[in-house]
Amino acid sequence: MTTIGVLGLQGAIREHVRSIEACGKEAVIVKKPEQLEEVDGLILPGGESTTMRRLIDRYNFFEPLQQFGKAGKPIFGTCAGLILLASDIEGQNDAHLGLMDMTVARNAFGRQKESFEVPVEIKGVAEDFEAVFIRAPYILEVKADTEVLGVYDGKIVAAQQGHLLATAFHPELTDDHRLVQHFVEMVDQANGNKLASV
Amino acid sequence: MSTSVGTNRVKRGMAEMQKGGVIMDVVNAEQAKIAEAAGAVAVMALERVPSDIRAAGGVARMADPTVTEEVLNAVSIPVMAKARIGHIVEARVLEAMGADYIDESEVLTPADDIYHIDKNDFTVPFVCGCRNLGEALRRIGEGASMLRTKGEPGTGNIVEAVRHMREVQTQIRQVQSMAKDELMVYAKETGAPYELLLQIQEEGRLPVVNFAAGGIATPSDAALMMELGADGVFVGSGIFKSDNPEKFARSIVEATTHYQDYELIAKLSKDLGTAMPGLEMSSLQEQDRMQDRSE
């Protein structure tokens, strides 16, 4: 059975677990680095990226997470998770995991009162995905073979690079599981059992 | 393509992103930076922490905008700020300044002793205190997007926060086992909106996140509140009234994340220096009980 982990340090963990289970897969909350060995794919949830980074460092998650991604295991980052994945962050010298070739801007849509929801077309996934943006980042530029999946108001809000997927918004705050389903298919594909997902 | 701001999903979702985290009271940019570096998910900007408000007496109001602005400019994590209960204008001022969340708080002296703010009318989300399910659901009815226990702020005594968290949990279980005809009488008795009680009965949980607040003074206190079902914790006077705020703040954050890892909590609790001095509830005069300032 395909098992998908949710990094369980802080943020909207329960909601992602619910989405994974709604897609018929087993979900594991990953609180310790050794648990990464038990999962086929990993979701980096929404939350506060600075808080998550502190906890990643303190519990020696950094290298295991990088290795997980470099080994070709799928990772899906939402909002704070997108920031953790990015190779470059505007205005900062250091990125976090740096796995995905793109430059992101933090809190780029403004403060909480500017937060919003809007239907967005996600290439190959949905024509009208209910995208909830909360103090959200966006992608300033994709690099290498990172592919743009969604654009809102001229800003890139969803992208994929092979086995890595990132959204600036929070699919976990809706009952629309199509993006998680897309990720589940990426995990099945990486597992080489593509037929199992049909 | 229609873009909507200030929807319930956007306002409640913001609080969902704070789950499992610690929100720290700060009174200036320097403290805000310490809190952010320690891993706080947000800071609460105010002029004085609750224990100092308690000591100073008199009327406690919204902080001087200079303080709030200084904190807003100092950190990239969300900034919350307190308005007096019922003080529509203080709340509007904070919204205009760009505060990410407003705490309509009993820590400040209430501006209105009958009505709370109609929070549905705001784009910025609100957090409110509660002691029981009726109070929790009245606040949600008024538009609160996040709840916290009231506890008894500025005392360093966890007993009231524990009481309030348990009370809400117990009452949720009671509501779940009630027949529909009992529910309307329960709504009448507790002042909780009937529709929200129906929702609680169906889902078995509050429709918004509920943090612990009011009296958390040690890493173990934070872990205890998580054990009792809190979604996260607010620490007010505890951090910057301790001997070593940096270490204290980090320890509270870690104890909240790993609240069931007791060996870790033992390690985190070592050599923290003196925690803030505590107050026993029976030593408080009735008029000094902040939790009773609103219904």
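Note that this is a predicted model, so its numbers are computed, not measured.

Colleague: Just to check I follow, could you spell out the UniProt feature "active site" (unreviewed entry) in chain A for this structure?
Modeller: Within this structure's numbering, the places UniProt gives as "active site" (unreviewed entry) are Cys-79, His-170 and Glu-172 of chain A. Considering the C-alpha atoms alone, the annotated residues occupy 94 residues of sequence yet fold into one spot, their largest mutual distance being 10.6 Å. As for the annotated residues named above, the ones lining the second largest cavity are Cys-79 of chain A. You can see His-170 of chain A is positioned in the loop between strand 12 (164-167) and helix 5 (178-190). A residue is classified by how much of its surface remains accessible, and His-170 of chain A, at 0% relative accessible area, is buried. Dropping the residues within four chain positions of it, His-170 of chain A is found in contact with Gly-46, Thr-78, Cys-79, Val-132 and Ile-134 of chain A together with Met-17 of chain B. Considering the arrangement of structural elements, one finds Glu-172 of chain A in the loop between strand 12 and helix 5. Under the relative-accessibility criterion, Glu-172 of chain A is labelled buried at 1%. Residues in contact with Glu-172 of chain A, not counting those within four places in the same chain, are Ala-12, Glu-15, His-16, Arg-18, Ser-19, Gly-46 and Thr-78 of chain A together with Met-17 of chain B. Polar side-chain contacts of Glu-172 of chain A include one of 3.3 Å to the side chain of His-16 of chain A.

Colleague: Would you mind showing me how to read the environment of Lys-270 of chain B here?
Modeller: All names here are of chain B. Along the chain, Lys-270 falls in the segment after helix 13 (262-269). Judged by relative accessible area, Lys-270 falls into the exposed class, the value being 53%. Separated by 170 residues in the primary sequence, Lys-270 and Asp-100 place their C-alpha atoms 34 Å from one another.

Colleague: How should the sheet that holds strand 4 (residues 79-84) of chain B be read in this particular structure?
Modeller: Strand-to-strand pairing in sheets goes through backbone hydrogen bonds, with the strands running parallel or antiparallel. Residues and elements named next belong to chain B. The sheet built from 8 strands is open, its strands ordered 8-7-6-5-4-3-2-9 with parallel pairing. Each edge of the sheet is formed by a strand with only one pairing partner; in this case those strands are strand 8 (209-211) and strand 9 (233-235). Ignoring which end each strand starts from, the neighbouring axes of this sheet average 30° apart. Relative to strand 4, strand 3 (residues 42-45) is paired through 3 bridges, and the arrangement is parallel. Bridged to Ala-45 within strand 4 is Ala-81.

Colleague: Just to check I follow, could you spell out the UniProt feature "binding site: L-glutamine" (unreviewed entry) in chain A for this structure?
Modeller: With numbering matched to this structure, UniProt assigns "binding site: L-glutamine" (unreviewed entry) to Gly-47, Glu-48, Ser-49, Arg-106, Ile-134 and Arg-135 of chain A. For the annotated residues, spread through 89 residues, the largest C-alpha to C-alpha distance comes to 12.8 Å, consistent with a single compact locus. Restricting the annotated residues just mentioned to those that line the second largest cavity leaves Gly-47, Glu-48, Ser-49, Arg-106, Ile-134 and Arg-135 of chain A. Structurally, Arg-106 of chain A is set in the loop between strand 6 (100-105) and strand 7 (116-122). When neighbours within four sequence positions are excluded, Arg-106 of chain A is seen to be in contact with Ser-49, Thr-50, Ile-83, Ile-89, Gln-92 and Pro-137 of chain A together with Ser-76 of chain B. Mapped onto the elements, Arg-135 of chain A comes out in the loop between strand 8 (126-133) and strand 9 (138-142). In contact with Arg-135 of chain A, not counting residues within four places along its chain, are Asn-107, Gly-110, Arg-111, Gln-112 and Ser-115 of chain A together with Met-14, Ser-76, Ile-77, Pro-78 and Asp-100 of chain B.

Colleague: Help me out: how do you make sense of the UniProt feature "binding site: D-ribose 5-phosphate" (unreviewed entry) in chain B in this one?
Modeller: All names here are of chain B. Mapped onto this numbering, the UniProt entry annotates "binding site: D-ribose 5-phosphate" (unreviewed entry) at Asp-25, Gly-154, Gly-215, Gly-236 and Ser-237. What stands out for the annotated residues spanning 213 residues is how close their C-alpha atoms remain, the widest pair being 12.5 Å apart. In the annotation above, Asp-25, Gly-154, Gly-215, Gly-236 and Ser-237 are the residues that line the largest cavity. Mapped onto the fold, Gly-154 is located in the loop between strand 7 (146-149) and helix 7 (159-176). For Gly-236, the position within the fold is in the loop between strand 9 and helix 11 (237-240). Gly-236 sits in the buried class, given a relative accessible area of 19%. If near-sequence neighbours (up to four positions away) are discounted, Gly-236 is found in contact with Asp-25 and Val-49.

Reading guide: rules and limits
- Residues numbered from 1 in each chain as written.
- Chains lettered and ligands numbered in written order.
- Predicted model: local features only at pLDDT ≥ 70, side-chain atom pairs only at ≥ 80, totals over all residues.
- Heavy atoms only, no water.
- UniProt positions renumbered as here; feature names shortened; annotations may be inferred.
- 1 Å grid on protein atoms, 1.4 Å probe; cavity = no way out; pocket = protein on both sides within 12 Å on 5 of 7 lines; lining within 4 Å.
- Helix = DSSP H or I, 4+ residues; strand = E, 2+ residues; numbered from the N terminus.
- Buried < 20%, exposed > 50% of the residue type's maximum accessible area, 1.4 Å probe, protein only.
- Contact = heavy atoms within 4.5 Å.
- Polar contact = N/O pair within 3.5 Å; in protein donor to acceptor, adjacent residues only side chain to side chain.
- Pairing = 2+ DSSP bridges.
- Axes fitted to C-alpha atoms, helices over the stretch in contact; angles between N-to-C directions.

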